[in-house]
Amino acid sequence: MPKSRVVEVRDDVELTNLDQPILDGSDITKRRLVDYLDGVADRLLPGLAERALSVIRARPGQRPFMQKNLPDYAPDWIPHIDVWSETSHRTVHYPLCQDRRTLLWLANQRAVEYHPALLDDVGRQSVLVIDLDPPEGADFTAVITVAQAVHEVLDRCGLAAAVKTSGSKGVHIVVPVDRSHAVDDIAAATRALAARTADLDPDHATVAYVKDEREGKVFVDSTRAGGATVVAAYSPRARPGLPVSFPVGWSELPDVRPADFTVETALDRLAGGDPWKQLMPADQTLPAELITEGNQIPIARVAAMHEGKRRKRAQET
């Protein structure tokens, strides 16, 4: 068999082309990606189970792309969840990745990133997520500064959270919540926490959804709710060096950088443990006043859309 068609079988999944670079111009092979995902499967899979999954695939000669629909050629043993898309006016058959076999099949399809929906298969949301997105070219210390402000805001509300690098430029701060909370209430509380963070540290944090209005500050994204997705803990990212979204303790956050965690280093850093599970607080009840406050704050994406329309009308008159 030619070298370019190296085949290995794991859990009845045939793995092919393991010697090829996973990203064009990279020296990290598909085998390295598969080995990493296989090695971290027992930690990654709990964050994917019972949730519609979108993946980012990296095919040779193409830019990485997001795939939501389970392809027709997928084996029939992969379960899926059907969701109507108002955008594309069709039903999307999202895969459910709940076991090692499915994960290996996706890895063989060159699925690098794993983005589960926040809502589970019965429409419940179990976490509140604040995503910190730094401006282009900003040092990671800016993200750390704003993350610490979020931590202080949460502490004042009596809430605890776990934090992980996004695997890109920012961090995700995750608050596990009582599943009796309505999705709209979680979204409202997220907006209130974001606004309080921007008020606490206006020199470094902003809730401006439109990039050209952020004035070089870290964006405290409050839109990760409802139908949104968030890259899973331990998921690689389709970026040079294949960095990994990795859990860190609050006390160690000032000393880490996203590049510290890659498919080459993350398994060794885990040392057999599961820090995301270990660092995650118990489910919490959101303060009623936080939800009430958030309900008075417009949804950032909607507000930006209306502002864009207003600007367009002003230019036309």
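Analysis parameters
Residues numbered from 1 in each chain as written. Predicted model: local features only at pLDDT ≥ 70, side-chain atom pairs only at ≥ 80, totals over all residues. Heavy atoms only, no water. Buried < 20%, exposed > 50% of the residue type's maximum accessible area, 1.4 Å probe, protein only. Helix = DSSP H or I, 4+ residues; strand = E, 2+ residues; numbered from the N terminus. Arc of directions from axis to C-beta. Contact = heavy atoms within 4.5 Å. Core = buried A, V, L, I, M, F, W, Y, C linked by side-chain atoms within 4.5 Å. Domains from an automatic or database assignment. Pairing = 2+ DSSP bridges. Axes fitted to C-alpha atoms, helices over the stretch in contact; angles between N-to-C directions. Buried area = accessible area lost by both parts, 1.4 Å probe. Salt bridge = Lys/Arg side-chain N within 4 Å of Asp/Glu carboxyl O. Polar contact = N/O pair within 3.5 Å; in protein donor to acceptor, adjacent residues only side chain to side chain. Phe/Tyr/Trp six-rings, centres within 6.5 Å; stacked < 30°, edge-to-face > 60°. Lys NZ or Arg CZ within 6 Å of the ring centre and 35° of its normal. UniProt positions renumbered as here; feature names shortened; annotations may be inferred.

Further remarks concern helix H7 (residues 288–295). Among all positions in H7, only Leu290, Ile291 and Gly294 are buried. Along the long axis of H7, the arc covered by the buried residues comes to 100 degrees, so they all point the same way. Away from its buried face by more than 90 degrees, H7 exposes Ala288 and Glu289. Buried-residue contacts for H7 involve helix H4 (183–200).

Core analysis: the largest hydrophobic core is formed by 85 residues, its most contacted members being Tyr114, Leu128, Leu132, Val171, Ile173 and Tyr234. In terms of residue count, helix H3 (residues 140–156) provides more of this core than any other element does, eight residues in total. Lining this core are residues from two domains, each supplying at least three of them: domain 1 (1–121) and domain 2 (124–316). Counting residues in hydrophobic clusters, the runner-up holds six residues, among them Ala52, Val92, Tyr94 and Leu96.

Below, the discussion takes up the sheet that holds strand S11 (residues 205–206). Sheets are built from strands that pair by backbone hydrogen bonding, the pairs being arranged parallel or antiparallel. Read across the sheet, six strands follow the order S11-S12-S8-S10-S9-S13 without closing on themselves; strand pairing throughout is mixed. The open sheet has two edge strands, S11 and strand S13 (247–248), and neither has a second partner. Here S11 runs beside strand S12 (residues 218–221); their pairing, made up of two bridges, is parallel. Along S12, the bridge assignment pairs threonine 206 with phenylalanine 219. The strands that H3 touches are strand S8 (127–133), strand S10 (171–176), S11 and S12; relative to S10, the one it contacts most, it runs at about 15 degrees. Set on the sheet, H4 makes contact with S8, S11 and S12; between it and S8 the angle comes to about 35 degrees.

What follows covers the domain arrangement of the protein. Here the domain parsing of the protein yields domain 1 (1–121) and domain 2 (124–316). Using only C-alpha atoms to locate each centre, domain 1 and domain 2 end up separated by 25 Å. Contacts between the two partners involve 25 residues from domain 1 and, on the opposite side, 35 residues from domain 2. Of all residues in domain 1, Tyr36, Arg43 and Leu118 bury the most surface against domain 2, accounting for 32% of the area lost on that side. Connecting domain 1 to domain 2 are five salt bridges. The partner of arginine 179 in a salt bridge is aspartate 120, with the nearest N and O atoms 3.2 Å apart. Inspection of the region where domain 1 meets domain 2 yields 14 residue pairs in polar contact (both at pLDDT 80 or more).

Time to look at the pairing of S12. On S12, burial covers both faces: Val218 and Val220 on one face and Phe219 and Asp221 on the other are all buried. The pairing of S8 with S12 spans three bridges and is antiparallel. Directly across from aspartate 133, in S12, lies its bridge partner phenylalanine 219.

Tallied over the entire structure, the rule returns four aromatic pairs. Between tyrosine 234 and phenylalanine 246, the ring centres sit 6.1 Å apart and the planes meet at 85 degrees, which makes this aromatic pair edge-to-face. In this pair, tyrosine 234 is assigned in the loop between S12 and S13 and phenylalanine 246 in the loop between S12 and S13, connecting sequence segments 12 residues apart. Residue tyrosine 234 is classed as buried on the basis of its relative accessible area, which comes to 1%. The ring of tryptophan 77 has arginine 101 sitting right over it, with the charged end atom 3.8 Å from the ring centre. Here the guanidinium or amino end of arginine 214 rests over the ring plane of phenylalanine 219, the centre of that ring lying 3.9 Å away.

Once that is clear, we can look at the UniProt feature "domain: DNA ligase D polymerase" (unreviewed entry) in the protein. The positions that UniProt labels "domain: DNA ligase D polymerase" (unreviewed entry) are, in the present scheme, residues 29–276. Annotated as 27% helix and 21% strand, the span residues 29–276 places its first and last C-alpha atoms 26 Å apart.

Judged by pairing direction, the sheet is antiparallel, and its three strands sit side by side in the order S4-S3-S7 without closing on themselves. Single-partner strands in this sheet number two, and they are strand S4 (65–67) and strand S7 (111–116). This sheet shows a mean twist of 25 degrees between the axes of neighbouring strands, independent of strand direction. Bridge count for strand S3 (residues 53–57) against S7 is five bridges, and the pairing is antiparallel. Residue pairing in the sheet places leucine 53 in a bridge with proline 116 of S7. Strands S3 and S7 of the sheet are contacted by helix H2 (residues 100–108), whose axis makes an angle of about 130 degrees with S7.

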